[in-house]
Amino acid sequence: MNIIVAADKNWAIGYQNSLLVRCPSDQKRFREITTGKVVVMGRRTLESFPQKQPLKNRTNIILTTDKKYSDYAQHHKDCIVVSSMEMLFEVLKPYPSQDIYIIGGERVYKELLPYCSKAYVTRIDYAYQADAFFPNLDNLPEWELVEESEEQTYFDLEYVFAVYQKK
């Protein structure tokens, strides 16, 4: 499995159930990497999308214990709702591991990071006010930075696209 995330210099990823910043090239990279693949997210991540709609051209798996989502998948194609980690792993069995991307939020990232082998991280060189964080991969001995793009800019914001691999 893979993880894809945009994080600031303190590994912050969100504030009040919203992304910290929206960079067009980061969003383009996210679409290019995840289109046609399986994306796994928590309910609040889904609710942060426009009209609370699942992402197009992907198999969306929503991990939630919220009972009102039990029939959500019936109304949205390419969408599966699971209520436990056991159910999630059962649903993921038919999919190749390299085609599965964990896309948030904080709790889902932390629960599934141990099962992932690659992390696609947009590292933003700025510290935002935040209330959601991603584990600092630079401080985890089992992860190593294996690829980093040249510095990108969006107005005065600087960032890089990094790839981490589990050792």
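Per chain, residue numbering runs from 1 following the sequence as it is written. Given that this is a predicted model, residues contribute local features only at a pLDDT of at least 70 and side-chain atom pairs are listed and counted only at 80 or more, while totals for whole chains, interfaces and linings are drawn from all residues. The basis for every side-chain value is the complete set of heavy atoms in the structure, and neither hydrogens nor water enter the calculation.

Colleague: Sorry if this is basic, but what is going on with the layout of surface pockets here?
Modeller: Over the atoms rolls a probe the size of a water molecule, and its path tells where empty space is left. Any residue with an atom within 4 Å of a point lines the site, the site being either a cavity, points on a 1 Å grid over the protein atoms alone where a 1.4 Å probe fits but cannot get out, or a pocket, an open set with protein on both sides within 12 Å along at least 5 of 7 lines. Grid points are joined across faces, edges and corners, and a volume is the space filled by probe spheres set on the points. Estimates place the volume of the largest pocket at around 1200 Å³. Surrounding the largest pocket, 42 residues form its lining, T45, S48, I103, G104 and G105 being those nearest its centre. Counting from the N terminus, the helices are DSSP H or I runs at least four residues long and the strands are E runs at least two residues long. Here the lining of the largest pocket takes five residues from helix α4 (residues 106–112), the largest share from any one element. Grouping the constituent residues of the lining of the largest pocket by class yields 17 nonpolar, 15 polar and ten charged. Looking at the second largest pocket, its volume works out to about 150 Å³. Three classes are used: nonpolar for Ala, Val, Leu, Ile, Met, Phe, Trp, Tyr, Cys and Pro, charged for Asp, Glu, Lys and Arg, and polar for all others, with Gly counted as polar.

Colleague: How do you make sense of the pattern of salt bridges when you look at a structure like this?
Modeller: Side chains bearing opposite charge may pair, as long as their charged atoms lie close to each other. Here, a salt bridge means any Lys or Arg side-chain nitrogen found within 4 Å of an Asp or Glu carboxyl oxygen. A complete count under the given rule lists nine salt bridges for this structure. For E47, the salt bridge identified is with R43, shortest N-O distance 3.0 Å. Remark: R43 and E47 occur in helix α2 (residues 43–47); sequence separation between them is four residues, near one turn of the helix. Burial here depends on accessible area, computed with a 1.4 Å probe over protein chains only, as a share of the maximum for the residue type. Under 20% is buried, over 50% is exposed, and the range in between is partly exposed. Exposure remark for R43: the relative accessible area of 23% places this residue in the partly exposed category. The salt bridge involving R123 is made with D138; its shortest N-O contact spans 3.3 Å. With R123 in strand β7 (residues 118–124) and D138 in the loop between β8 (132–133) and β9 (143–148), this pair connects stretches of sequence that are 15 residues apart. With relative accessibility at 47%, the residue D138 sits in the partly exposed group.

Colleague: Would you take a moment to explain the pairing of β7 for this structure?
Modeller: Strand residues, when the strand is regular, have side chains that alternate between the two faces of the sheet. In terms of residue burial, β7 counts as a mostly covered element, since six of its seven residues are buried. In this scheme, strands are said to pair when DSSP sees at least two bridges between them. Examined bridge by bridge, strand β1 (residues 2–7) and β7 share six bridges and lie parallel to one another. Note on β7: the bridge partner recorded for A6 is T122.

Colleague: Any chance you could explain the nonpolar core here in plain terms?
Modeller: In globular proteins that are soluble, nonpolar side chains generally tend to be buried together. Here, nonpolar core means buried Ala, Val, Leu, Ile, Met, Phe, Trp, Tyr and Cys residues that are tied together by side-chain atoms lying within 4.5 Å of each other. The biggest cluster of nonpolar side chains holds 28 residues, and the ones touching the most others in it are I3, V40, I102, F134 and L137. Listing elements by their share of this core, those giving two or more residues are β1, β3 (38–42), β4 (59–63), α3 (85–92), β6 (100–104), α4, β7 and β11 (157–166). The contact criterion used is simple: two residues touch if any of their non-hydrogen atoms lie within 4.5 Å. When sequence neighbours within four positions are dropped, the list of residues in contact with V40 reads I61, L88, L92, I100, Y101, I102, I103, G104 and L112.

Colleague: Can you help me understand empty space enclosed by the protein in this one?
Modeller: Enumeration according to the criterion identifies one cavity of 30 Å³ or more in this entry. Taken as a whole, the largest cavity spans an internal volume of roughly 50 Å³. A6, A7, D8, A12, I13, L19, L20, V21, D26 and I124 are the residues that line the largest cavity. The residue inventory of the lining of the largest cavity, partitioned by class, reads eight nonpolar, no polar and two charged.

Colleague: Would you mind showing me how to read the environment of K67 here?
Modeller: Relative to the elements of secondary structure, K67 occurs in the loop between β4 and β5 (79–82). Here the alpha-carbon distance between K67 and D138, two residues 71 residues apart in the chain, equals 37 Å.

Colleague: Would you mind going over the packing of aromatic side chains with me for this structure?
Modeller: Where two aromatic rings form a pair, the distance of their centres and the angle of their planes describe that pair. Pairing of aromatic rings covers Phe, Tyr and Trp, the last through its six-membered ring, and needs centres within 6.5 Å; plane angles under 30 degrees mean stacked, over 60 mean edge-to-face, and all others mean tilted. Overall, the coordinates contain eight aromatic pairs when judged by the stated rule. On the numbers, 6.1 Å between centres and 20° between planes, the contact of W11 with F134 is stacked. Here the residue W11 occupies a position in the loop between β1 and β2 (12–14), and F134 occupies one in the loop between β8 and β9, the gap between them amounting to 123 residues. The exposure classification of W11 matches that of F134, with both residues buried. Ring pairing ties together the aromatic residues W11, Y109, F134 and Y164, which thus form one cluster. Between R123 and the ring centre of W11, over which it is positioned, the NZ or CZ distance is 4.0 Å. Comment: the charge-over-ring label is applied if NZ (Lys) or CZ (Arg) is within 6 Å of the ring centre and within 35 degrees of the ring normal.

Colleague: Can you help me understand the environment of V163 in this one?
Modeller: In this fold, V163 is placed in strand β11. What V163 contacts, discounting residues up to four positions off in sequence, is R29, K118, A119, Y120, E144, L145, V146 and E147.

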